[in-house]
Amino acid sequence: MATIQLLVVAAVVLLEAKREDYDGYKLYLITPKTVDQAEILHQLHSVPNFDILQESKVLGSQVRVMASPEVQGRFEEALEKFTEEGLQYQLLIENVQKLLDDEYSSFVNRSLSLNAGTRALRDDYHPHDRVL
């Protein structure tokens, strides 16, 4: 049991040490309607401060783009401009790091809860009807 707890603690320390910081990053869901719009989104692959998390080769399909805080103002202005040409977009996640932190915290809490429940069943005597 102590070995599992030690592994969980070690994993937390390693993840914290190697963790990228996405504080302030936003995730957008974008649906290009023209070939030009799709090409501009495709070119974001080579632009720093952008990550294309989901790309489609079919016009009118959704693309997920993550943008760093440094480029969000200009990016949102460009998106607004292209909405006049039919582009559709929505902000999916306001702060990617907050979502990652919440998910990680939930994972750790579930792991610790499951771990504690297993230990209780193994270390303590429980009548058969109580275990079921």
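From a predicted model like this one, the values you see are computed outputs, not experimental measurements. (Residues numbered from 1 in each chain as written. Predicted model: local features only at pLDDT ≥ 70, side-chain atom pairs only at ≥ 80, totals over all residues. Heavy atoms only, no water.)

**Student:** Explain the confidence of the model for the chain here, please?
**Tutor:** On average, residues of the chain score 81 in pLDDT, and 70% of them reach the 70 mark or higher. Ignoring residues within four places in sequence, the model shows residues 1-15, a span with pLDDT below 50, making nine contacts including any to other chains. (pLDDT = per-residue confidence, 0-100. Contact = heavy atoms within 4.5 Å.)

**Student:** Whenever I open this one, a negative patch on the surface confuses me. Can you help?
**Tutor:** A surface patch of negative charge is lined by D36, E39, E80, E84 and E85. By the element assignment, D36 lies in helix 2 (residues 35-43). (Patch = residues over 30% accessible without salt bridge, like charges linked within 9 Å, V, L, I, M, F, W, Y side chains within 5 Å. Areas by Shrake-Rupley, 256 points an atom, 1.4 Å probe, with all protein chains shown as cover. Salt bridge = Lys/Arg side-chain N within 4 Å of Asp/Glu carboxyl O. Lys, Arg positive; Asp, Glu negative; His and termini not counted. Charge placed at Lys NZ, Arg CZ, Asp CG, Glu CD. Helix = DSSP H or I, 4+ residues; strand = E, 2+ residues; numbered from the N terminus.)

**Student:** Just to check I follow, could you spell out the sheet that holds strand 2 (residues 50-54) for this structure?
**Tutor:** Within a sheet, adjacent strands bond to each other through the backbone by hydrogen bonds, running parallel or antiparallel. Spatially, four strands are ordered 2-3-1-4 in an open sheet, and the strand pairing comes out antiparallel. If you trace the sheet from one side to the other, it starts and ends with strand 2 and strand 4 (88-93), each paired once. Averaged over all neighbouring strand pairs, the angle between strand axes comes to 30°, with direction disregarded. Two strands pair when backbone bridges link them, and strand 2 and strand 3 (residues 63-67) are joined in this way by four bridges, in the antiparallel orientation. Looking at the pairing, Q54 lines up with R64 of strand 3. (Pairing = 2+ DSSP bridges. Axes fitted to C-alpha atoms, helices over the stretch in contact; angles between N-to-C directions.)

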